[in-house]
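Residue-level structural notes
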Amino acid sequence: MYLARYDSETNREQTLLEHGSTVSALCKTYGGAIGCPHLGELCGLIHDAGKAKQEFQAYLLSGDTRLRGKINHTSAGARYIFEKYGKSPDVYQVCTAQVVALAVCSHHSGLIDCIDTSGLDRFHSRLYPDKDIGYDESITNFEPECIEAETLDALFQKAVEETRQILEPILRRDDLKLEKPFYFALLARYLLSCVIDADRYDAYCFDAGLQTRDPDYELEITWQELADNLERYLSTEMRKDREIDRLRAGISDTCRQAAVHPGGIYRLCVPTGGGKTLASLRYALRHANLHKKRRIIYAIPFTTIIDQNADVIRKSLKNDQVILEHHSNLIQEPADEGLAEPDEGDRRSLLTERWDVPIILTTTVQLLNTLFLGKTQSVRRMHNLAGSIIIFDEVQTIPIKCLDMFNAALNFLAEVCGATIILCTATQPGSNVGVPVRCSPPENLVPAYEEMFGKFRRTTICDARIPGGYSASALADFVLEKQRTNTSVLVVMNTKKAAKGLYAALKRRYPICSLHYLSTALCPAHRREKLAQLNDELEDRKPVICVSTQLIEAGIDISFDCVIRSLAGLDSIAQAAGRCNRHGEDARRDVFIVNSSEENLSRLPEIRRGQSQTERVLREYAEEPAQFDCDLLSPRALARYYLYYYEVQKKEMQYPVSKRNSGFATDVTLFDLLSLNWAGVKAYIGRFEQRPGYPFCQAFASSGDLFAVIDQDTESVLVPYGRGKEIIQNLATTSHLPATAELLKEAQQYSVNLYKNEVQSLDNGIYSIGDTGVLALADLYYSSEYGITLITDNEPVIF
């Protein structure tokens, strides 16, 4: 009886047969969500075949951590399946053999390159590494113990038929073009996600002494019950006396009625203040109930929106247990260090977030990482997107470089994975992109956007820029001048440094009002408290000035008399304007555009590009306001802005990477690496004078390593604010896996994302909590006023 896992402290053991059977059953369920249960089952069944050898068995029983990740056990099963079935003349058999082999050999490293950009055959070298992997011994032992040859043949043929049913319709379509191989790449990633999650979850249950039962299929509350709770909340708790309340109710009712339409991709274009959060939730709950969807996922661009949206959803649904907030990955991925299996045996990998609850609120970064980042903890979550409703709030904030990959992935999720996608925005971006989103009819859940915009018009945009821009001191004077004629003023800056500088300049003037500062340097729990205090003061009509980075400008239900916005993209200015006179308290209120001489945007190119195109629209508006209906935030003005914004960046939409930044011999795009991989195939032909003999030639690992939603890498740090201090202490002393998992979920409220250079600037202020893989901040570096101190200039644009 060969072992898959062994606990040296308790002498408990799990046989390879038990582990393989459990993982294959889970993979069968996960694969079944997109119509390939047997393909998933096959991956799970053979994923650990390489453990059936004496070298690995001795390592397990020895408990020698020095050997962790050094013994290759993933290549054997991959080589076994590809040697057995990968030479067939049937292209679907070869596709099946290769995609299964990829999932098996990559389940402790992330998807490997098939052909790398230099033309080397990395798929072959992974199956046939230079170092002996004990292949013959492993397979000789594995076959009689874990699967009979006839059973394997029958299972493989079922898997081939499922592959055919998925790929054949894709290959027939003329409208997909470069999306065809991109779809294949996402299918390979999906299967790897099934294997990683099933493998890690079964290992977690073994370590915790639990029976492996996936909670995803044991929900104690139905979508209908949650929808009933929401309807009661809307009928008893929501105001209905103002005109704007009636407009919001009409939008909400229209969204609920639209839930009867089948799954697909839809747009929800509603002006700022239109009540998108509850309207989209109302749609989602009814759609999930009618169409048997598995979960609802909100992907939100600014961290603060998660804080507030989660509170609104909890309050309206009367159920805390069905909601997960996933701000960031607190657990650091283990270093590669040249290991054969980088995360094999690493207890931390068992605790990474699964997205296994009914309603998930996460960030755009986390969702894009789930689709494209190479790290296994991100790949793990992908299969849980299948059969789900995915709501992208403020979809216009998706970085330009990611657009074609993002759009192709949306099409794949809707057409192959049975997901329903809702693209929410208040500014209706144009569609001048390379890979179009294929929306279902009716494309817009709420029609007549331009007519609606007029009804929600509550602000006047004033251009208050000056030559050379405002210094912090001059801007402080401008803010105080506006505060004298407005009870409350919000100022939104583009960087943390500029926001802190203005806040400090205002403090020095001792304003006769309450002064607040907000940025992502504050952890979510801290921001919640500050926003609650701010809201109370605004409701009591106390004099208030709030200085914030752009985190406040999207989705925060808060209303100021006056808003001042540092020059940015016109869409960002529209979002900031949504925090002014939000509930129509007055007929019109002023929003001022200013320019700062103290903002360094050298590492925030998207903001700089947005500024340039906004300046272009401002010039045209000054010459002829009538062409924009005499309103800088009219649908016509925003359409002109997006036309310019996309036009100047049309070559950037496939995530280009220069050879200088990648180390490759040629410039590439990540879209190409995940589709045709022409750079790699061309180099292969140059080396061997023939094309590669695989249906999958993608450079998965190269793309996954280069992908970053934000140009600089970030790390999540747990901060000692409030309950966060106790969580840090408990993580350092707790070894029980379920207890650690619960602490990590709670720790999301006390985490802050930092750029790598910010981490370095904190010097010894950051430390690792034992062997948890979680970073923590020393008390000295967290301020009740500013959050994390000693940080640099740039504010992450999307978190």
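Residues numbered from 1 in each chain as written. Predicted model: local features only at pLDDT ≥ 70, side-chain atom pairs only at ≥ 80, totals over all residues. Heavy atoms only, no water.

Side note on the overall build of the protein chain
The cut-off we apply is this: The numbering of helices and of strands both runs from the N terminus, where a helix is a DSSP run of H or I of at least 4 residues and a strand a run of E of at least 2. Computation of the radius of gyration draws on C-alpha atoms alone. For the globule rule, the value is 2.2 Å times the number of residues to the power 0.38. Between buried and exposed lies partly exposed: a residue is buried under 20% and exposed over 50% of the maximum accessible area for its type, with that area taken using a 1.4 Å probe on protein chains only. Note on areas: these come from Shrake-Rupley sampling with a 1.4 Å probe, and a residue is covered only by the protein chains present in the view.
Tallying secondary structure elements over the protein chain gives 30 helices and 22 strands in all. Scaling as 2.2 N^0.38, a compact globule of 799 residues should have a C-alpha radius of gyration of about 28 Å, and the protein chain matches this with 27 Å. C-alpha extents for the protein chain along the principal axes are approximately 85 × 60 × 55 Å. Split into buried and exposed, the 799 residues of the protein chain put 63% on the buried side. Entry remark: accessible area of the protein chain is about 30000 Å², with carbon and sulfur atoms responsible for 48%.

Describing the sheet that holds strand 17 (residues 714-718)
Adjacent strands of a sheet form backbone hydrogen bonds with each other and so pair up, either parallel or antiparallel. Keep this limit in mind: Only strands that DSSP links by at least two bridges are regarded as paired with each other. To get an axis, fit a line to the C-alpha atoms, keeping to the stretch in contact for a helix; angles then go from 0 to 180 degrees between the N-to-C directions.
Pairing is mixed in the open sheet, where four strands are placed in the order 18-17-20-19. Taken across any chain shown, the strands that pair with only one partner, and hence form the sheet edges, are strand 18 (751-755) and strand 19 (766-768). The sheet shows a mean angle of 45° between the axes of neighbouring strands, taken without regard to direction. As judged from the two bridges shared by strand 17 and strand 20 (residues 775-777), these two strands associate in the parallel manner. In the sheet register, L718 faces strand 20, and the bridge partner there is A776.

Focus: the nonpolar core
How we decide: Buried Ala, Val, Leu, Ile, Met, Phe, Trp, Tyr and Cys residues that are joined via side-chain atoms within 4.5 Å together make up what is termed a nonpolar core. Note on contacts: a residue pair is in contact if any heavy atoms of the two residues lie within 4.5 Å.
F372, F392, I421 and F707 are the most contacted members of the largest nonpolar core, which has 201 residues in total. Element by element, the count of residues in this core is highest for helix 9 (residues 179-208), at 18 residues. If near-sequence neighbours (up to four positions away) are discounted, I421 is found in contact with G264, I265, Y266, I390, F392, L410, L413 and A414. Within the second largest apolar cluster, 42 residues are counted, among which are L234, A258, I323 and M452.

Some words on the packing of helix 2 (residues 37-46) against helix 5 (residues 91-105)
Put simply, the rule is: With respect to orientation, any angle under 35 degrees is reported as roughly parallel, any angle over 145 as roughly antiparallel, any angle of 65 to 115 as roughly perpendicular, and every other angle as oblique. By the definition used in this description, the sense in which the near helix is turned from the far one sets the handedness, with an anticlockwise turn below a right angle giving left-handed and a clockwise turn giving right-handed. Residues are grouped as follows: Ala, Val, Leu, Ile, Met, Phe, Trp, Tyr, Cys and Pro are nonpolar; Asp, Glu, Lys and Arg are charged; all remaining types, including Gly, are polar.
Running from N to C, helix 2 and helix 5 cross one another at 45°; their axes reach a closest spacing of 9 Å. When the interaxial angle is binned, helix 2 and helix 5 end up oblique. Of the two elements, helix 2 crosses helix 5, and the hand of that crossing is right-handed. Of the residues in helix 5, those touching helix 2 at L39, L42, C43 and I46 are T96, V99, V100, A103 and V104. Of the residues in the contact of helix 2 with helix 5, the class split is eight nonpolar, one polar and no charged.

Looking at helix 7 (residues 135-146)
Given 3.6 residues per turn, any residue in an α-helix points the same way as the ones three and four places further on. Threshold: Any helix carries an expected span of 1.5 Å times its number of residues minus one.
Here helix 7 spans 16 Å end to end across 12 residues, near enough to the 16 Å set by a 1.5 Å rise per residue. Those residues of helix 7 that sit buried are Y135, S138, I139, N141, F142, E145 and C146. Where helix 7 is buried, its residues contact helix 1 (16-32), helix 2 and helix 4 (75-85).

Notes on the sheet that holds strand 11 (residues 514-518)
Spatially, the six strands line up as an open sheet ordered 9-14-13-10-12-11, and their pairing is parallel. Every other strand in the sheet has two partners, leaving strand 9 (459-463) and strand 11 as the edge strands with one partner each. The sheet shows a mean angle of 15° between the axes of neighbouring strands, direction not considered. In this structure, strand 9 lies alongside strand 14 (residues 589-594), joined through five bridges in parallel fashion. Along strand 14, the bridge assignment pairs I461 with V591. Along the sheet face, helix 18 (residues 472-485) touches strand 10 (488-492), strand 12 (544-548), strand 13 (562-566) and strand 14 and points at about 175° away from the line of strand 14.

Examining the side chain of R295
Convention followed: Polar contacts here mean pairs of N or O atoms no more than 3.5 Å apart (in protein, one a potential hydrogen donor and the other a potential acceptor; neighbouring residues in sequence count only if both atoms are side-chain atoms).
Relative to the elements of secondary structure, R295 occurs in the loop between helix 12 (276-291) and strand 4 (296-300). Given a relative accessible area of 0%, R295 falls into the buried group. A polar atom in the side chain of R295 sits 3.3 Å from the backbone oxygen of W355.

Here we look at the packing of helix 5 against helix 8 (residues 149-172)
Viewed as axis vectors pointing N to C, helix 5 and helix 8 meet at an angle of 110°, and their least axial separation amounts to 9 Å. As summarised for this structure, helix 5 and helix 8 are arranged roughly perpendicular, according to the angle between their axes. For the pair helix 5 and helix 8, the contacting residues are Y92, Q93, C95, T96 and A97 in the first and F156, Q157, A159, V160, T163, R164, L167, E168 and L171 in the second. Counted by class, the contact of helix 5 with helix 8 contains eight nonpolar, four polar and two charged residues.

Quick word on unusual backbone geometry
With glycine set apart, most residues show a phi of negative sign, and most peptide bonds adopt trans. Across the junction of P441 and P442, the peptide omega takes the value -10°, indicating a cis bond. Even without a glycine there, the phi angle at K318 is positive, about 55°. Counting through the fold element by element, K318 comes out in the loop between helix 13 (303-317) and strand 5 (323-326). If you check the backbone angles, N581 has positive phi at about 50° while not being a glycine. Relative to the helices and strands, N581 resides in the loop between helix 21 (570-577) and strand 14.

A closer look at the pairing of strand 18
For strand 18, a buried count of five out of five residues is recorded, marking the element as mostly surrounded by other parts of the structure. The side-chain alternation of strand 18 yields two buried faces, one formed by S751, N753 and Y755 and the other by V752 and L754. Pairing between strand 17 and strand 18: five bridges, direction antiparallel. When the bridges of strand 18 are listed, E715 appears paired with L754.

Some thoughts on the pairing of strand 2 (residues 12-15)
Of the pairings in the sheet, the one linking strand 1 (residues 3-7) to strand 2 comprises four bridges and is antiparallel in character. Bridge pairing in strand 2 places Y6 opposite E13. Turn length for the strand 1-strand 2 hairpin, with the two strands adjacent in sequence and antiparallel, is four residues, and the turn residue N11 shows positive phi of about 65°.

What to know about the environment of P271
Here P271 shows up in the loop between strand 3 (265-269) and helix 12. Sequence separation of P271 and M452 is 181 residues, and the distance between their C-alpha atoms is 7.3 Å. Here P271 is in contact with A426, Y449, M452, F453 and F456, once residues within four sequence places are set aside.

Some points on the packing of aromatic side chains
Using the following cut-off: Whether two aromatic rings pair depends on their centres lying within 6.5 Å, for rings of Phe, Tyr and Trp, where Trp uses its six-membered ring; planes under 30 degrees apart make the pair stacked, over 60 edge-to-face, and the rest tilted. Any Lys NZ or Arg CZ found within 6 Å of a ring centre and within 35 degrees of that ring's normal is scored as a charge over the ring.
Under the definition given, this model contains 25 aromatic pairs. One aromatic cluster is present, formed by F182, F372, Y655, F671 and F707 through successive ring pairs. When the ring centre of F206 is taken as reference, the NZ or CZ atom of R12 above it lies at 4.4 Å. Seen from the ring of Y135, R79 lies directly overhead, with NZ or CZ sitting 4.0 Å from the centre.

Remarks on the state of the cysteines
Short version of the rule: Two cysteine sulfurs form what is called a disulfide whenever their separation falls within 2.5 Å.
Counted under the stated rule, the structure contains zero disulfides. With no disulfide of its own, C105 has C114 as its nearest cysteine by sulfur position, at a separation of 8.1 Å. Sulfur of C424: no disulfide; nearest cysteine sulfur belongs to C255 and is 7.9 Å away. Judged by relative accessible area, C424 falls into the buried class, the value being 2%.

Considering the confidence of the model for the protein chain
Operational definition: The pLDDT score gives, residue by residue, the confidence of the prediction method on a 0 to 100 scale.
Across the protein chain, pLDDT averages 90, with 94% of residues at or above 70. Predicted confidence for residues 791-799 stays below pLDDT 50, and this span has 53 contacts to residues more than four positions away or in other chains.

Notes on the pattern of salt bridges
Using the following cut-off: Each salt bridge in this description consists of a side-chain nitrogen of Lys or Arg and a carboxyl oxygen of Asp or Glu lying within 4 Å of one another.
Considering all chains together, one arrives at 51 salt bridges under this definition. D175 is paired through a salt bridge with R438; the nearest N and O atoms lie 4.0 Å apart. You can see D175 sitting in the loop between helix 8 and helix 9 and its partner R438 sitting in the loop between strand 8 (420-425) and helix 17 (449-455), a full 263 residues away along the chain. Salt bridges here are not isolated pairs; linked through shared partners, they connect R173, D175, E179, E415 and R438.

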